[in-house]
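Take a look at the letters that make up each chain.
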Amino acid sequence: MDEKRKSMLKSLPKIDEIIGLLEKQGIYEKASREIVLEVCRSVVQKMRDDILTAPDKKLPAVTTDSAGAARYVLNQINNLYAYRLKRLVNATGVILHTNLGRAPLCHEALERILEVGRGYSNLEFNLERGERGLRYDHVSRLLCALTGAEDALIVNNNAAAVLLVLNTLAQHKEAIVSRGELIEIGGEFRIPDVMTKSNSILREVGTTNRTRLSDYEKAISPDTGVILKVHTSNYRIVGFTEEAELTRLVALGKQHGIPVFDDLGSGCLVNLSDHGLQHEPTVREVLATDVDVVSFSGDKLLGGPQAGIIVGKKDIVQKIKKNPLNRALRIDKFTLAALEATLMHYLTPEKAASSLRALKALTEGQGEVRKRARKLMNKLNKANIPHLTYEIREDVAAAGGGSLPTQDIPTVVLAVRHKKLSANRMEAMLRKTPVPVIVRVNENEILIDLRTVSEDEFGFIEDGLRQISDQ
Ligand SMILES: *Cc1c(COP(=O)(O)O)cnc(C)c1O
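Residues numbered from 1 in each chain as written. Predicted model: local features only at pLDDT ≥ 70, side-chain atom pairs only at ≥ 80, totals over all residues. Heavy atoms only, no water.

### Concerning the overall build of the chain
In plain terms, the rule: What counts as a helix is a DSSP run of H or I of at least four residues, what counts as a strand is a run of E of at least two, and both are numbered from the N terminus. Two residues qualify as a contact provided that any one of their heavy atoms is within 4.5 Å of a heavy atom in the partner residue. The method behind every accessible area is Shrake-Rupley, applied with a 1.4 Å probe, and residues are considered shielded solely by the protein chains displayed. Residues counted as positive are Lys and Arg, residues counted as negative are Asp and Glu, and His and the chain ends are not counted. Charge positions are represented by NZ for Lys, CZ for Arg, CG for Asp and CD for Glu.
In terms of regular secondary structure, the chain is built from 19 helices and 17 strands. Summarising its shape, the C-alpha atoms of the chain cover approximately 85 × 50 × 50 Å along the three principal directions. Sequence separation of at least 24 residues holds for 74% of the intrachain contacts in the chain that already meet a minimum separation of 6. A total of about 24000 Å² of accessible surface is found on the chain, and carbon and sulfur atoms cover 50% of it. Put simply, the chain has 66 plus and 61 minus side-chain charges, and the middle of one group is 4 Å from the middle of the other.

Listed below in structure tokens is the structure:
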């Protein structure tokens, strides 16, 4: 090591010195002694690493004084107070964006979370009988009314639901599934892996593009635990294809006394074709085939909190409830409170789209989206932000979240250009504002998709664009 580095290492501040400076600034108002000490140690360690690794040119810039270290520690402690999980504006046009928290919650769901979280609740207490109750009972009545199911159960998410159902029905037994349905949902969630973790044995049948009823039939043996059908949520096979209809699988299952489980993925409770979208079988329609059990997500097309909803025949749902794994996958009171409020909107399905934002974004007419785009442009024009120009244009949005993959949703975007800054630069800057705005980039402009932006978010967009033009 060179002499310069050696002497810098020697001049590193003592922890006590840094703490002495920080105490004068009232550091213990912000964090305990233990925490301050720990942060000091890591800061000095970082200074040491910087001295050892900085290239010669950068070496003079490495701090070694105690005042600099104290400032750094204070900064780190202040940073611990900054919320990392924050709201943002989704201007991407991807309605159920898994990275952006999927479905926003409705007003009532938020109110219920506050109400139930504020005090104690009857989460697992039966108020009529004054004895222990089940947490699922609060929403199972609603779910049965909305889907025609005999019984219902909610777990942490749909991946957990699939794991739990398979483990209950096919532990150490075979689960028969079509090769065309062995999908990856995203984030490394692959159906075959979940099946392995559930301790069920994957019995693939058919081919990627064609699987017939007879393929399932031939695979049935005394080792069969379940027939599994998986919604190929995020892709479609087109062309020369064939799949066994659910009704026929159900008949086959009945004939052999084998339960049939349909993982619907996005579980929809309203008729999307009423809104000019592709028909997606509703949960009620699926259950009408007499399938034994169905699972779907709470935060995809349903537009509620993250949850895995399991509905089906009473005896099977009861069995699933009793599985010890269920305890590890159970949902919390906030999710239940939000789900209950979300589901209530579906009692009048024609009104649900006006209250549930994801459903609204999916079904709203392009005309309404255009009106919003004009309003935003007027607002921004009035704001008179230098260097920016705007243009309204038609484009296509997407459902996202592995829902309706082939559905193009006509939308309207506001294209924004800056006289000097590149679109990538603008995109990055909008990501770093107090309420970040996430946009699409198209060559030298950014696109703000009004399908996923509501009017009460316009202020955040204006603030974000102002910060860009200040640069
Ligand atoms: C999305 C999806 C899942 C996973 O659901 P999460 O709620 O994200 O856990 C499982 N199966 C299918 C078919 C899906 O589309």
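### Here's the deal with the domain arrangement of the chain
Short version of the rule: For every domain, the bounds stem from an assignment made automatically or drawn from a database.
Taken domain by domain, the chain comprises domain 1 (3-79), domain 2 (89-96 + 362-470) and domain 3 (105-352). One C-alpha centre belongs to domain 1, the other to domain 2; they are set 42 Å apart.

### Here's the deal with the layout of surface pockets
Selection criterion: A 1.4 Å probe that fits into a set of points on a 1 Å grid over the protein atoms alone but cannot get out defines a cavity; an open set with protein on both sides within 12 Å along at least five of seven lines defines a pocket, and lining residues are those with an atom within 4 Å of a point. Grid points are joined across faces, edges and corners, and a volume is the space filled by probe spheres set on the points. Side-chain classes follow a simple rule in which Ala, Val, Leu, Ile, Met, Phe, Trp, Tyr, Cys and Pro form the nonpolar group, Asp, Glu, Lys and Arg form the charged group, and the remainder, Gly included, forms the polar group.
Of the pockets and cavities examined, the largest pocket occupies roughly 1200 Å³. Lining the largest pocket are 38 residues, and of these Leu100, Gly101, Arg102, Ala103 and Pro104 lie nearest its centre. Those elements giving two or more residues to the lining of the largest pocket turn out to be helix H7 (158-170), strand S6 (184-186), strand S10 (260-265) and helix H16 (357-363). Per-element tally for the lining of the largest pocket: the top contributor is H16, with three residues. Each of two domains, domain 2 (89-96 + 362-470) and domain 3 (105-352), supplies a minimum of three residues to the lining of the largest pocket. In this model, the second largest pocket occupies a volume close to 730 Å³. Residue lining of the second largest pocket: 32 residues in total, with Glu181, Lys229, Val230, Thr232 and Glu243 positioned closest to the centre. Counting residues per element, the ones that place at least two in the lining of the second largest pocket are strand S9 (224-230), S10 and helix H11 (283-287). Split by residue class, the lining of the second largest pocket holds nine nonpolar, 13 polar and ten charged.

### Some remarks on helix H2 (residues 15-24)
Which entries qualify depends on this criterion: Relative accessible area decides the class of each residue, using a 1.4 Å probe on protein chains only: under 20% of the type maximum gives buried, over 50% gives exposed, and in between gives partly exposed. The directions considered for the arc run from the helix axis to the C-beta atoms.
All of the buried residues in H2 are Ile18, Ile19 and Leu22. Buried residues along H2 cover an arc of 95° about the axis, so they all sit on one side. More than 90 degrees from the buried face of H2, the exposed residues found are Asp16 and Lys24. Where H2 is buried, its residues meet helix H3 (33-53) and helix H4 (66-80).

### A word on the pattern of salt bridges
Applied cut-off: Salt bridge criterion: a side-chain nitrogen from Lys or Arg within 4 Å of a carboxyl oxygen from Asp or Glu.
Counted by the stated rule, this structure contains 35 salt bridges. Between glutamate 368 and lysine 371 there is a salt bridge; the shortest N-O distance is 3.1 Å. Taken as a pair, glutamate 368 and lysine 371 lie in helix H17 (residues 366-383) at a separation of three residues, close to a single helical turn. Residue class for glutamate 368 comes out partly exposed when judged on its relative accessible area of 40%. One network of salt bridges, in which partners are shared, links Glu124, Arg132, Arg135 and Arg330.

### Quick look at the packing of helix H1 (residues 3-10) against H3
Quick reminder of the rule: Orientation is described by lines fitted to C-alpha atoms, with helices fitted over the stretch in contact, and by angles between N-to-C directions that extend from 0 to 180 degrees. Working rule for angles: under 35 degrees goes down as roughly parallel, over 145 as roughly antiparallel, 65 to 115 as roughly perpendicular, anything else as oblique.
At a closest axis distance of 10 Å, the pairing of H1 and H3 adopts a crossing angle of 175°. For the element pair H1 / H3, the angle class is roughly antiparallel. Residues Arg5, Met8 and Leu9 of H1 touch H3, and the partners they reach there are Arg48, Ile51, Leu52 and Thr53. Here the contact of H1 with H3 is built from residues that sort into four nonpolar, one polar and two charged.

### Looking at the environment of valine 294
For valine 294, the position within the fold is in strand S11 (residues 293-297). Once the C-alpha coordinates of valine 294 and valine 283 are considered, the two residues, eleven residues apart in sequence, prove to be 7.9 Å apart. Apart from residues no more than four positions distant in its own chain, valine 294 is found in contact with Phe261, Asp262, Leu264, Val283, Val286, Leu287, Ile309, Ile310 and Val311.

### Remarks on the side chain of aspartate 292
What counts is decided by this rule: Definition of a polar contact: a pair of N or O atoms within 3.5 Å, with one able to donate and the other able to accept a hydrogen when the atoms are protein atoms, and with sequence-neighbouring residues admitted only if both atoms are side-chain atoms.
Inspection of the secondary structure puts aspartate 292 in the loop between H11 and S11. Of the polar contacts made by the side chain of aspartate 292, one reaches the backbone nitrogen of valine 260; its length is 2.8 Å. Those residues in contact with aspartate 292 that lie beyond four places of it in its chain are Ile258, Pro259, Val260, Val311, Gly312, Lys313 and Ile316.

### Details of the sheet that holds strand S8 (residues 201-205)
This is how the line gets drawn: Each pair of strands is called paired provided DSSP finds at least two bridges between the two strands.
The strand order across the open sheet built from seven strands is S4-S12-S11-S10-S9-S5-S8, with neighbouring strands paired in mixed fashion. Bordering the open sheet on either side are strand S4 (151-155) and S8, each of which pairs with just one other strand. Taking the axes of each pair of neighbouring strands and ignoring which way they run, one obtains an average angle of 25° across the sheet. For S10 and S11, the ladder comprises four bridges, and the chain directions are parallel. When the sheet's bridge partners are listed, phenylalanine 261 is paired in S11 with valine 293. Against the sheet, helix H12 (residues 314-322) contacts S4, S11 and strand S12 (308-312), and its axis sits at roughly 30° relative to S4.

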